[in-house]
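# Chains, contacts and geometry: an overview
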Amino acid sequence: MRPPVLEATGLGVRYRRGWALRDCSLALPAGRVAALVGPNGAGKTTLMHAAVGLLAPARGSVVVRGQAAFVAQDKPLYETFTVAEMLTFGRRTNLRWDQPAALKRLAGLDIPLDRKVGRLSGGQQAQVALTIALARTPDLLVLDEPLANLDPVARHDVMRAIMAEVAEHGLSVLLSSHVVSDLEETCDWLVVLNGGRLQVSGDIEDLLAGHLVLTGPAELAGTLTGAGGSMGRVQVVAASRTARQVRMLVRGEPPLDPRWRARQPGLDELVMGYLRSPESVALPGLAQVGR
Amino acid sequence: MIWVTWRQHRAQILLTAAFLAALGLLLLGSAIEATLYVSGHAAPGCPGSAPACAPLEVALGERYDAIYSIFGWMPLVLPALIGAFWGAPLLGREYERGTHRLAWTQAVPVWRWLAVKLAVLGGVVVAGGLLLSLMVSLWRPVFRAGIESSFGNVGVFNMVGVAPAAWWLYAFALGTLAGTVLRRTMPAMALVVAGVAVTMFTLFALSEHYATPERVVLSDTTVLADPDARLVGATWVDPSGREIDSPGAEVCPRRVDAGRSNRNTEAWEKCLFGKGYGYAVSYHPPTMFWRFQWTEAGILLLASGVMGGLAVRRTLRRTA
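Conventions used here
- Residues numbered from 1 in each chain as written.
- Chains lettered and ligands numbered in written order.
- Predicted model: local features only at pLDDT ≥ 70, side-chain atom pairs only at ≥ 80, totals over all residues.
- Heavy atoms only, no water.
- Helix = DSSP H or I, 4+ residues; strand = E, 2+ residues; numbered from the N terminus.
- Rg over C-alpha atoms; globule rule 2.2 N^0.38 Å.
- Buried < 20%, exposed > 50% of the residue type's maximum accessible area, 1.4 Å probe, protein only.
- Contact = heavy atoms within 4.5 Å.
- Areas by Shrake-Rupley, 256 points an atom, 1.4 Å probe, with all protein chains shown as cover.
- Lys, Arg positive; Asp, Glu negative; His and termini not counted.
- Charge placed at Lys NZ, Arg CZ, Asp CG, Glu CD.
- Buried area = accessible area lost by both parts, 1.4 Å probe.
- Salt bridge = Lys/Arg side-chain N within 4 Å of Asp/Glu carboxyl O.
- Polar contact = N/O pair within 3.5 Å; in protein donor to acceptor, adjacent residues only side chain to side chain.
- Nonpolar A, V, L, I, M, F, W, Y, C, P; charged D, E, K, R; others polar.
- Phe/Tyr/Trp six-rings, centres within 6.5 Å; stacked < 30°, edge-to-face > 60°.
- Lys NZ or Arg CZ within 6 Å of the ring centre and 35° of its normal.
- UniProt positions renumbered as here; feature names shortened; annotations may be inferred.
- Patch = residues over 30% accessible without salt bridge, like charges linked within 9 Å, V, L, I, M, F, W, Y side chains within 5 Å.
- 1 Å grid on protein atoms, 1.4 Å probe; cavity = no way out; pocket = protein on both sides within 12 Å on 5 of 7 lines; lining within 4 Å.
- Points joined across faces, edges and corners; volume = space filled by probe spheres on them.

### Things to note about the overall build of chain B
Helix and strand counts for chain B stand at ten helices and four strands. Counted from the first residue to the last, chain B has its helices and strands arranged as α-α-α-α-α-α-α-α-β-β-β-α-β-α. Taking 2.2 N^0.38 as the reference for a compact globule, 320 residues should give roughly 20 Å; the C-alpha atoms of chain B span a radius of gyration of 25 Å, well beyond that estimate. Dimensions of chain B along its principal axes, counting C-alpha atoms only, are 80 × 55 × 35 Å. Across the 320 residues of chain B, 48% fall into the buried class. By sequence separation, contacts in chain B at least 24 residues apart represent 79% of the contacts at least 6 residues apart. Looking at chain B as shown, the accessible area adds up to about 15,900 Å², and 65% of this sits on carbon and sulfur atoms. Side-chain charges of chain B comprise 26 positive and 20 negative groups, with the mean position of each set lying 18 Å from the other.

### Some remarks on the interface of chain A and chain B
Buried accessible area, meaning the area lost when the parts come together, often serves as the stated size of an interface. If you look at the interface, chain A gives 23 residues, while chain B gives 23 residues. A buried area of about 2,200 Å², summed over both sides, lies between chain A and chain B, and 62% of it is on carbon and sulfur atoms. Across the contact surface, chain A and chain B share two salt bridges. Its salt-bridge partner being Arg10 of chain B, residue Glu85 of chain A comes within 4.0 Å of it at the nearest N-O pair. On inspection of chain A and its partner chain B, the count reaches eight residue pairs in polar contact (both at pLDDT 80 or more). Elements with a contribution of two residues or more to the side of chain A that touches chain B: strand E5 (68–71) and helix H2 (83–92) of chain A. With five residues, the top contributor of residues to the side of chain A that touches chain B is H2 of chain A. Tallied by class, residues from the side of chain A that touches chain B come to 14 nonpolar, six polar and three charged.

### Re the packing of aromatic side chains
The description of two aromatic rings rests on the distance between their centres and on the angle between their planes. Residue and element names in this part refer to chain B. According to the stated counting rule, one finds 17 aromatic pairs over all chains in the structure shown. Judged by centre distance (5.6 Å) and plane angle (80 degrees), the rings of Phe157 and Phe289 are edge-to-face. On the criterion of sequence distance, the pair formed by Phe157 in helix H6 (residues 154–157) and Phe289 in helix H10 (residues 289–316) is long-range, its members being 132 residues apart. No difference in accessibility class separates Phe157 from Phe289, as the two residues are buried. In textbook terms, an aromatic cluster arises when at least three aromatic residues are bridged by ring pairs, as seen for Phe151, Phe157, Tyr210, Phe289, Trp290, Phe292 and Trp294. Its guanidinium or amino end placed over the ring of Phe151, Arg230 lies 4.8 Å from that ring's centre, counting from NZ or CZ.

### Observations regarding the UniProt feature "transmembrane region" (unreviewed entry) in chain B
The UniProt record annotates "transmembrane region" (unreviewed entry) at residues 70–92, 113–139, 159–181, 188–206 and 292–312 of chain B. Between the end C-alpha atoms of residues 113–139 of chain B the distance is 39 Å, and the span holds 100% helix and 0% strand.

### Overview of a nonpolar patch on the surface
Residue and element names in this part refer to chain B. Taken together, Leu26, Ile70, Trp73, Leu76, Val77, Leu81 and Phe85 make up a surface patch of nonpolar side chains, about 560 Å² in accessible area. Residue contributions to the nonpolar patch peak at four residues, all from helix H3 (residues 74–97). The residue Val77 is located in helix H3 in this model.

### What about a positive patch on the surface?
All names here are of chain A. There is a patch of like positive charges on the surface, built from Arg14, Arg22, Arg59 and Arg197. Secondary-structure assignment places Arg14 in strand E1 (residues 6–15). Among the residues examined, Arg14 registers a relative accessible area of 48% and is labelled partly exposed.

### Regarding empty space enclosed by the protein
What the rule picks out here adds up to four cavities of 30 Å³ or more. Roughly 70 Å³ of volume is contained in the largest cavity. Those elements giving two or more residues to the lining of the largest cavity turn out to be E5 and helix H4 (122–135) of chain A together with helix H4 (100–103) of chain B. Sort the elements by how many residues they give to the lining of the largest cavity and H4 of chain A lands first, with three residues. Taken together, the residues of the lining of the largest cavity break down into eight nonpolar, two polar and two charged.

Have a look at this one:
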């Protein structure tokens, strides 16, 4: 097995206002497309900046094995440069640089090389930024909100481009978003950050298979959420109740009581369940205990 | 990285080069015209101190003043422009547009990115300042043979020798630091303009301490023979050699001059000199030119080094 492409140990980053990221330990397996999700201000950008060296951590460490390429939020480019000059910029500031591949990508997207970057559409700018990152033939591609400010067609194109690269070159990707539905089809690893703390990190299929949405009469809730929120093989992540019904996201096997109706959660439900209860965690170490 | 530096800053580099070229042509044209005028109109033995040379000197002076009025503002304005357009955007614009997150996540380490930019742009700034100084130094003697003012006149002093290069570099470093601290271009530009102006007046006020002034006691005039000296202070000395604020009215009566006449003051001074009083003047002679040039350049270079170091440290500390 390849070693993790990104590894954070006890990572803490603080700004003048306070901690943006605390005690974050996480390992991303190589060759995966990992989704980093969480509400605004959860520390997604901070974690990415620390990973690519834009921020020095106050505590702990974060290591990338191999080379990381980063596309920041808003896809910064030099607006007065032409597209061709942006490629020259990339070639001059990198040792590994695949110019033919970059030219082929841009030609395939019909982006003219002599056009000034500032005159391209938002979607085209995103593609140029992505092209520069990919031309570096990185081991890890870090994308901060790559789909923000893009129309649905451009979102689809960018996502498809990323997937094609993963399939072709086997690179690892870490991308952040606060819209979970964007990630459902493309990502196979989930990282949830909330309030500067790591809440979930795991294979999406395993996570979905290991969780259940239980619906049942309200009076049954107590039988599950007894001492410490868990009973036997079930651990409650989050619960919402109405007068007569209770709906819970739980981890573990389905309960025996036939009055419970159980089904697998969607990625959206899973993420929302964890974000609503910041005290719940699903991390590799703890996952073993839950089973 | 040199290509990146050139591509990002070529507008400033080309504009500055074009300005220097235009100024060079202007100075060259004016010098040629003046030389032709001298060869056509000069009486034998002129230019020189003979009375016959006065009309020529006046004509040359008019030509000199016409050009000087164009570049008289340059000692203050050029460093301010260099700081605002070379220094302030260097890091300020990167932060403002977020492009530092692009530049500093490529394989080139941040320290190298910064070192190349500071070295290339700083070098070009120094070269530009020296070129300006060279052009002005070649141009002035055409008009001012025998009338030196490059020491006494601070405006001229800051346009010759190593002063322009030191001022330009200082402004560049100040702009770079301001852009790093404020992280926005426009406020950094404003700070540079204010900073250069304050520094210029501060250094001018400090400059009389660059060396121990010479002191001379004049016994028949209150005006120094050398017009290019920098006056530090002057006071009356009584016959016993004591310095006094002002001789009392009981020594020599003084009447107020009317209009622009100096008659009464001159009569009063003559009376004082007649009674054995002297006028003590402390001043820096023009021979101090290079000492002052290098002292000022040293201060500015040291300040540039400190500010550049602070900008580098702030940038490398990585607080995105």
